[in-house]
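Breakdown of the fold
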Amino acid sequence: MPDVSIDYSAMEASKTAYANMRTSLDAATSALGSVSGSAVPQQELRRRLEDLHDSWGGGIDKLGRYAEDASAGLQGILEAFRGLDSELAASMEPEEGASA
């Protein structure tokens, strides 16, 4: 039984989810940003909703950037583990001319 195993499928799924997160977040916030101010007739409530949108917009943008960075980081990790797997597999193959 191996001491270490890597679930490449799970890592690929996570990488893809992180890579797609920006699109999902942008879609959610753009819908809120496109609502007309006239949809909320109370001025104080409208102002508070605009403040909420503005503050969430910055946070959502940061979260999107972090997700993109996480996706890129996972890609690097996947490449490193796959390279290690290949090197280990190659080191376990008998050399030509060597007795097995």
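Our structure is the block above this text.
Bear in mind that the values here come from a model prediction, so they are computed numbers and not experimental data.

**Some remarks on the overall build of the protein chain**
The secondary structure content of the protein chain amounts to two helices and zero strands. Among the 100 residues that make up the protein chain, the fraction classed as buried is 13%. Counting contacts in the protein chain only where the partners sit at least 6 residues apart, residues at least 24 apart contribute 86% of the total. Of the roughly 7,700 Å² of accessible surface on the protein chain, 57% is carried by carbon and sulfur atoms.

**Here's the deal with the pattern of salt bridges**
Opposite charge on two side chains makes pairing possible when the charged atoms of those side chains draw close. Inspection of every chain in the model, using the stated rule, returns eight salt bridges. The partner of Glu68 in a salt bridge is Arg22, and the shortest N-O contact between them spans 3.1 Å. With Glu68 in helix 2 (residues 43–92) and Arg22 in helix 1 (residues 8–33), this residue pair connects regions lying 46 residues apart in the sequence. A salt bridge links Asp61 to Arg65; the nearest nitrogen and oxygen atoms lie 2.5 Å apart. Taken as a pair, Asp61 and Arg65 lie in helix 2 at a separation of four residues, close to a single helical turn. Salt bridges here are not isolated pairs; linked through shared partners, they connect Arg22, Asp61, Arg65 and Glu68.

**As for the side chain of Arg22**
The exposure class assigned to Arg22 is buried, which follows from its relative accessible area of 16%. At 2.7 Å, the side chain of Arg22 and the side chain of Asp61 are in polar contact. A polar contact of 3.1 Å, which involves the side chain of Arg22, links it to the side chain of Glu68. Among all residues touching Arg22, those that are not within four sequence positions of it are Asp61, Gly64, Arg65 and Glu68.

Scoring rules and cut-offs
As a convention, each chain's residues are numbered from 1 in the sequence order in which they are written. Predicted model: local features are reported for residues with pLDDT of at least 70 only, side-chain atom pairs are reported and counted for 80 or more only, and whole-chain, interface and lining totals are derived from all residues. Note that the side-chain values use all heavy atoms of the structure and ignore hydrogens as well as water. Secondary structure elements follow DSSP: runs of H or I of four or more residues count as helices, runs of E of two or more count as strands, with numbering from the N terminus. The buried label goes to any residue with under 20% of its type's maximum accessible area, the exposed label to any with over 50%, and the partly exposed label to all in between, with areas taken from a 1.4 Å probe on protein chains only. Any pair of residues with heavy atoms lying within 4.5 Å of one another is described as a contacting pair. Areas reported as accessible are Shrake-Rupley estimates using a 1.4 Å probe. Residue values count occlusion only from the protein chains shown. Salt bridges are counted wherever a side-chain nitrogen of Lys or Arg sits within 4 Å of a carboxyl oxygen of Asp or Glu. Whenever two N or O atoms come within 3.5 Å, that pair is a polar contact, provided that in protein one can donate a hydrogen and the other can accept it, and provided that, for residues adjacent in sequence, both atoms are side-chain atoms.

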